[in-house]
Structures are given as C-alpha cells and as structure tokens.
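Chain residues, written in single-letter form:
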Amino acid sequence: MVKTERNKTITRPSEIRVKDFDEVSLGFTKELMKAEAERCINCKNAPCTTGCPVGVKIPEFIQCLKNDDLDGAVKIIKLDNNLPSICGRVCPQEKQCEDKCIRKLKLGGSVAIGSLERYVGDYALNDNKPTPKPSKKIAYKVAVIGSGPSGLTCAADCANAGLDVTIFEAFHQAGGVLVYGIPEFRLPKDEIVKKEINKLIELGVKIKYNTVIGKTIKIEELQNEFDAIFIGTGAGLPSFMNIPGENLNGVYSANEFLTRVNLMKAFKQNADTPVFVGKNVAIVGAGNVAMDAARTAKRLGADNVYIVYRRSKEEMPARIEEIEHAIEEGIELKLLTNPTKILGEQFVEGMECVQMELGEPDASGRRRPVEIANSNFVLSVDQVIMSIGTRPNPLLTNEYKALETTKRGTLIVNEESQETVVKNIFAGGDAVTGAATVILAMGAGKNAAKTIIARALSKTI
Ligand code: FAD
Ligand code: SF4
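Because the structure is a prediction, the values reported are computed rather than measured.

Visitor: Where do I start with the site of ligand 2 in this structure?
Guide: Taken together, the neighbourhood of ligand 2 is formed by Cys40, Ile41, Cys43, Pro47, Cys48, Pro59, Cys101, Ile102, Val111 and Ile113. Residues of the shell around ligand 2, tallied by class, amount to 10 nonpolar, no polar and no charged.

Visitor: Is there a simple way to explain the site of ligand 1 in this structure?
Guide: Taken together, 34 residues form the shell around ligand 1, and within it Val90, Ser150, Glu169, Arg186 and Asp430 come nearest. A distance of 3.3 Å is found between an oxygen atom of ligand 1 and a backbone nitrogen or oxygen belonging to Pro149. In the model, a nitrogen atom of ligand 1 is placed 3.1 Å from a nitrogen or oxygen of the Ala170 main chain. Surface burial for ligand 1 is 94%, taken as the share of its 1,000 Å² of free accessible area covered by protein chains. Only α9 (149-160), α10 (177-180), α14 (288-299) and α18 (438-460) provide two or more residues apiece to the shell around ligand 1. Top contributing element to the shell around ligand 1 by residue count: α14, with three residues. Here the shell around ligand 1 is built from residues that sort into 17 nonpolar, 13 polar and four charged.

Visitor: Just checking my understanding: could you explain the nonpolar core for this structure?
Guide: Inside soluble globular proteins, nonpolar side chains tend to come together where they are buried. In this structure, Ile58, Phe61, Leu65, Cys158, Leu163, Val165 and Ile452 are the most contacted members of the largest nonpolar core, which totals 71 residues. With eight residues, the top contributor of residues to this core is α18. Counting residues in hydrophobic clusters, the runner-up holds 27 residues, among them Val24, Tyr252, Ala254 and Val305.

Visitor: What exactly am I supposed to notice about the pairing of strand β12 (residues 337-343) here?
Guide: Residues in a regular strand point their side chains to alternate faces of the sheet. Both β12 and strand β13 (residues 350-361) contribute to a ladder of six bridges, which runs antiparallel. Bridge pairing links Leu343 to Gly350 in β13. Linkage of β12 to β13, two consecutive antiparallel strands, is achieved through a turn of six residues, within which Gly344 is found at a positive phi near 150°.

Visitor: When you look at the packing of helix α8 (residues 113-125) against helix α11 (residues 189-202) in this model, what are you seeing that I'm missing?
Guide: In a pair of packed helices, the angle between the axes and the distance between the axes together describe the arrangement. Contact geometry of α8 with α11 gives a least axis separation of 10 Å together with a crossing angle of 55°. Of the possible angle classes, the one that applies to α8 and α11 is oblique. The hand of the α8/α11 crossing is left-handed. Contacts between α8 and α11 involve Asp122, Ala124 and Leu125 from the first element and Glu191, Ile192, Lys195, Glu196 and Lys199 from the second. When its residues are assigned to classes, the contact of α8 with α11 shows three nonpolar, no polar and five charged.

Visitor: I tried to follow the pattern of salt bridges on my own but got confused; where do I start?
Guide: Pairing between side chains of opposite charge can happen when the charged atoms of each approach one another. For the structure shown, the criterion picks out 32 salt bridges. A salt bridge links Lys218 to Glu399; its shortest N-O distance comes to 3.0 Å. Placement of Lys218 in the loop between β5 (206-208) and α12 (219-225) and of Glu399 in helix α16 (residues 395-399) is noted, with a sequence separation of 181 residues between them. The shortest N-O distance in the salt bridge between Glu256 and Arg260 comes to 2.9 Å. Linking Glu256 with Arg260, this pair stays in helix α13 (residues 254-262), spanning four residues, or about one helical turn.

Visitor: When you look at the packing of aromatic side chains in this model, what are you seeing that I'm missing?
Guide: The way to describe two aromatic rings as a pair is by their centre distance and the angle between their planes. Tallied over the entire structure, the rule returns four aromatic pairs. Judged by centre distance (6.1 Å) and plane angle (50°), the ring pair of Phe21 and Phe185 falls under tilted. You can see Phe21 sitting in the loop between α1 (14-17) and β2 (25-27) and its partner Phe185 sitting in the loop between α10 and α11, a full 164 residues away along the chain. Overall, Phe185 belongs to the buried group, its relative accessible area being 1%. Ring geometry for Phe171 and Tyr180: centres 5.3 Å apart, planes at 65°, overall edge-to-face. Classification of Phe171 by relative accessible area gives partly exposed; the value is 30%.

Visitor: Just to check I follow, could you spell out the sheet that holds strand β3 (residues 141-145) for this structure?
Guide: To summarise the sheet geometry, strands pair through backbone hydrogen bonds and adopt either a parallel or an antiparallel arrangement. As summarised here, the arrangement of the five strands in space is β5-β4-β3-β6-β18, forming an open sheet in which the pairing is parallel. Looking at which strands have only one partner, the edges of the open sheet turn out to be β5 and β18 (425-427). Taken over all neighbouring pairs, the strand axes of this sheet differ in orientation by 20° on average, direction set aside. Bridge analysis of β3 against strand β4 (residues 164-168) gives five bridges, and the strand direction is parallel. By the bridge assignment, Ile145 is partnered in β4 with Phe168. Across the sheet, α9 touches β3, β4 and β6 (228-231), and the angle it forms with β4 is around 165°.

Visitor: Whenever I open this one, the pairing of strand β14 (residues 367-371) confuses me. Can you help?
Guide: Direction of pairing for β13 relative to β14: antiparallel, over a ladder of four bridges. The residue bridging Pro361 from the neighbouring strand is Arg367, located in β14.

Visitor: Just to check I follow, could you spell out the sheet that holds strand β16 (residues 383-386) for this structure?
Guide: The five strands are arranged β8-β16-β9-β10-β11 in an open sheet whose pairing can be described as parallel. Each edge of the open sheet is held by one strand with a lone partner, namely β8 (251-253) and β11 (332-334). Between one strand axis and the next, the sheet turns by 25° as a mean value, whatever way the strands run. Relative to β16, β8 is paired through three bridges, and the arrangement is parallel. By the bridge assignment for β16, Tyr252 is matched with Ile385. Along the sheet, α13 makes contact with β8 and β16, crossing β8 at roughly 80°. Its contacts with the sheet place α14 against β9 (280-284), β10 (304-308) and β16, and it is angled at close to 170° to β10.

Visitor: Looking at this structure, I do not really get the side chain of Ser110. What am I missing?
Guide: For Ser110, the location among the structural elements is in the loop between α7 (97-100) and α8. Polar contacts involving the side chain of Ser110 include one to the main-chain carbonyl oxygen of Glu98, which spans 2.6 Å. The contacts of Ser110, once residues within four sequence positions are left out, are Arg6, Glu36, Arg39, Glu98, Cys101, Arg103 and Lys104.

Visitor: Looking at this structure, how should I read the packing of helix α5 (residues 70-78) against α8?
Guide: Where α5 meets α8, the axes come as close as 9 Å, and the angle between the chain directions of the two elements is 105°. Of the possible angle classes, the one that applies to α5 and α8 is roughly perpendicular. Touching Leu70, Asp71, Ala73, Val74 and Ile77 of α5 are Glu117, Tyr119, Val120, Tyr123 and Ala124, all from α8. Looking at the contact of α5 with α8 residue by residue, the classes come out as eight nonpolar, no polar and two charged.

What counts and how
Residues numbered from 1 in each chain as written. Chains lettered and ligands numbered in written order. Predicted model: local features only at pLDDT ≥ 70, side-chain atom pairs only at ≥ 80, totals over all residues. Heavy atoms only, no water. Near = heavy atom within 4 Å. Nonpolar A, V, L, I, M, F, W, Y, C, P; charged D, E, K, R; others polar. Polar contact = N/O pair within 3.5 Å; in protein donor to acceptor, adjacent residues only side chain to side chain. Areas by Shrake-Rupley, 256 points an atom, 1.4 Å probe, with all protein chains shown as cover. Helix = DSSP H or I, 4+ residues; strand = E, 2+ residues; numbered from the N terminus. Core = buried A, V, L, I, M, F, W, Y, C linked by side-chain atoms within 4.5 Å. Buried < 20%, exposed > 50% of the residue type's maximum accessible area, 1.4 Å probe, protein only. Pairing = 2+ DSSP bridges. Axes fitted to C-alpha atoms, helices over the stretch in contact; angles between N-to-C directions. Parallel < 35°, antiparallel > 145°, perpendicular 65-115°, else oblique. Left-handed = near helix turned anticlockwise from the far one by under 90°. Contact = heavy atoms within 4.5 Å. Salt bridge = Lys/Arg side-chain N within 4 Å of Asp/Glu carboxyl O. Phe/Tyr/Trp six-rings, centres within 6.5 Å; stacked < 30°, edge-to-face > 60°.

Written as structure tokens, this is what we have:
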C-alpha cells in the first residue's frame, strides 16, 4: 500500500477570520475532494464504518466519489445520516470513523472522511432538485418536541414514511443547538441549517414555533391529538461551579452568551437583548462549547481570552481542530488551573484561581486534578463565562410526572426503541444521554422513528 499524505481543507487565515463570523473552514475543492477520495483503499472489513455511531457506509460512498457519482454518494450517506453537511462540519471524526481508518498511523494520515461527507452534503443541499415526496400518506400523527438534530431526524424519517408530523419548538427558530449554540463561523445558519429545515418543510413537516411543551401546551393535550410523541428537548440547563462571586455582573453561562449572540444577534447595534463582552475574558471549561464561547468573545472585540481548565491539554474534551483553530486565533490556554472565587463588588474585577497537578486516574479513567497548596493567584478579567456542562431542563418532567428520569435528570428509555416508560412517548438526544454529540442525537431520533413507523404500519394496515 502506498503512503500518500492526507489532503488539507482550505482554511481562512486566522488574522482575517478572527474579525468576522464567516465560516473558518471552506472544505475541499472538487480537485482536492477527488484526490482525497482516491486515498481510500476500500478496505474489505471497513473499520471506518465500525467507528461511525450511525454506521454510514463509508467506503461505498467514497467509491461513488471516485466514480464521479455524487448522487450515488448522497443516496448511500442518507441511508444512515440525514444531515451530512452538518455532521461533516461538526462531528468529532478524529475520535470516530477517522480514528479507525487504516491509513491513520503509517500511511499518510486517516482519509478525511468528514470533509468528504461535507462535500457530498453540500452538493445535496444545493442541487436544486425537488425534495422527493413520500409515495403514500399514512393516517398516523406524530408530535416532535424540540427541533434539534434528534427531533429533526425523527421528524424527517417519519415524514419520509408518509406519517403526519408536527414539530413543537420553544424558540422562534428551528435547529436547537445547531442555531443557538454552535456559532456561524463553524456552521453557517442560512447556507446550511435553514436549507436542511426548508427541506423538511417541503416534505410536509409542520413546525409550531414559540411553543413550550409543558407550559404553552401540556403533554396530555398532545396525547389526545397525536398517536406518538418524540421528546428531543436537549440539555439546555447550564451548570455552575457554586463558587463565591458567580452572581456578579459579567458572569455568564456559555449557553446564555452564545444564544444571545447566535440567535438574538446581540452583536448588532440596537439589539433587543445586547450582550456584554469584556476586555479580558475567562472561559471556564475546555469542551466544544468553551471553544465556541472563547472564539466568539474574541470576534466581539475582547483583547485577551483565556480558557481556564483544571486538567492538561491532552484531557481537553473539545475537538482537536477547534482547539487548534482557537490557539491560532489568539486564545490563551490556562491549563491545570481551577477557579476558586470570582472577585468584585458589583461587576467582575478578577478571578482567583489555584494551580493543579494531575494525580491518580478517577472513575472516568482520566487523571484526577489535585490542588497544589498555596498556589493561589488572581487572573485579571472583567468577564467570566462558565462552560462546565449542561443538564436537561426539568420543565417538562416537572409538569408531566409519568416520565421516569435518572438522578442527573435525563429521561429513561428503552435503548432499542427509545420508548420512555409511557407507551408511545419516545425520547432521544441530549435529553436522554446528557450533553453529547450531534450524531448521537441523530442516531437516537432515527431509532425512535423506526419504532414509530412500525407502530403506524401495524395500526393502519
Ligand atoms: P438540542 O440541539 O439541544 O435541541 C433541543 C431543542 O428542543 C431546542 O431547540 C430547544 O429550544 C427545544 N426545547 C427544549 N425544551 C422544549 C419544550 N419544553 N418545548 C418545546 N421545545 C423545547 N456536538 C458535536 O457533535 N460537535 C460539535 O462540534 C458540537 N459543538 C457544540 C457547541 C455548543 C456551543 C453546544 C451547546 C453543543 C455542541 N455540541 C456539539 C453538542 C450537540 O450540539 C448536541 O449534542 C445536540 O445538538 C443535541 O441534540 P438534541 O436534538 O438532543 O437537542
Ligand atoms: Fe477507506 Fe480508511 Fe475506511 Fe479503509 S478505513 S475503507 S482506507 S476510509
């Protein structure tokens, strides 16, 4: 087997991109796509596919690319993944399919499966072909609560099978974290997310916005009108550290900060819900959400942005590409550092931190961070953005007690069917797993749709 180097995608220079919200990575040109597809050696046992949480038939779609058959590639990917242009951009491929690629270690680096998937997804979004309609209609009504990737996938599969689907969304826009969390510079909203949602609408899916299920409409009312319900309400409730000073002005959760910027366009002059951006900003946490908040603060004019993380770089949970892009854009990593107190009278004036070292592995298998005695110091910041995780919002489960939850507030479901303890109420995505990934949420929506469609067929035949 010949060693060939992995082709790099086109990325905008950091000094230019840090001044705007346009997309950072521009993906492959046709020539680069073809060259990269040729690197795939079509392994018989397809280890890459075993690394994909939804089992996309990777060598098969890449073979289509080699044959200039983009329509064929779309068909193959869409059997398992409804949103390839989104997954191609945000999936942690380096820990999934690309981690298993036979080329990874000695043959020039893994095939850039994610970027090839993105190429195919973008082609499908822009091919101007009419969305194929289901061949038959089935009199079976499905309510989908939440329009994140789990809800969108469940809705698409049910609608494709001819079921009558309505999505109920609390916000005034559909997409969940894809629109209010992940910033424009990683996932363009009009070019990608809106187009995907328009395809759903063309398919006949109805979307009711500004509707909080549990408040505006009760679950019992949905049960009266619909045959099946899918709950895809995500995990939007931020966690805080419970340290002194977290109530000061200038302390945000990453979710609030990003929602205000992405969804409410807080960066525009005269925005209804403006957002404060400090000159020196500390982001506490090191996941994708933290990287997004840091890079957003930088783009909005912060001079210094620090990622404050209690472990080392190796343990940072964010995607490697996002960490690299953040560093290129001038974000500073304060590793082995843990906040103990936020300082100030009314507004944030600083953050006291303590230095950490890594001890023995903990239950998660990662080395436990341990405080170094007398190592306290003050980081000079005027804004702190907490990004240490989220949990499901208990609004729905407080209102409708029949659903069972874990101690962490996540919904309990049957793993195969995604059905909750209440018959014909299904759930999936972050509401079940806790904060996870787009592809896992989509996989759960797909699984639930399979059971819902089977029920619909058995009821209506
Ligand atoms: P969500 O996307 O959270 O959608 C839930 C929807 O339900 C929302 O629209 C919400 O408004 C609505 N809703 C909630 N309650 C109600 C109610 N009672 N009634 C009606 N509607 C309701 N994953 C990756 O794979 N790669 C990444 O790079 C990545 N980056 C991320 C960056 C950020 C900033 C964040 C926050 C997350 C990121 N994730 C990433 C995680 C990923 O986005 C989530 O795992 C995924 O979106 C979960 O999908 P979901 O469908 O379960 O819920
Ligand atoms: Fe192609 Fe890599 Fe998958 Fe082998 S493991 S089929 S080379 S993508």
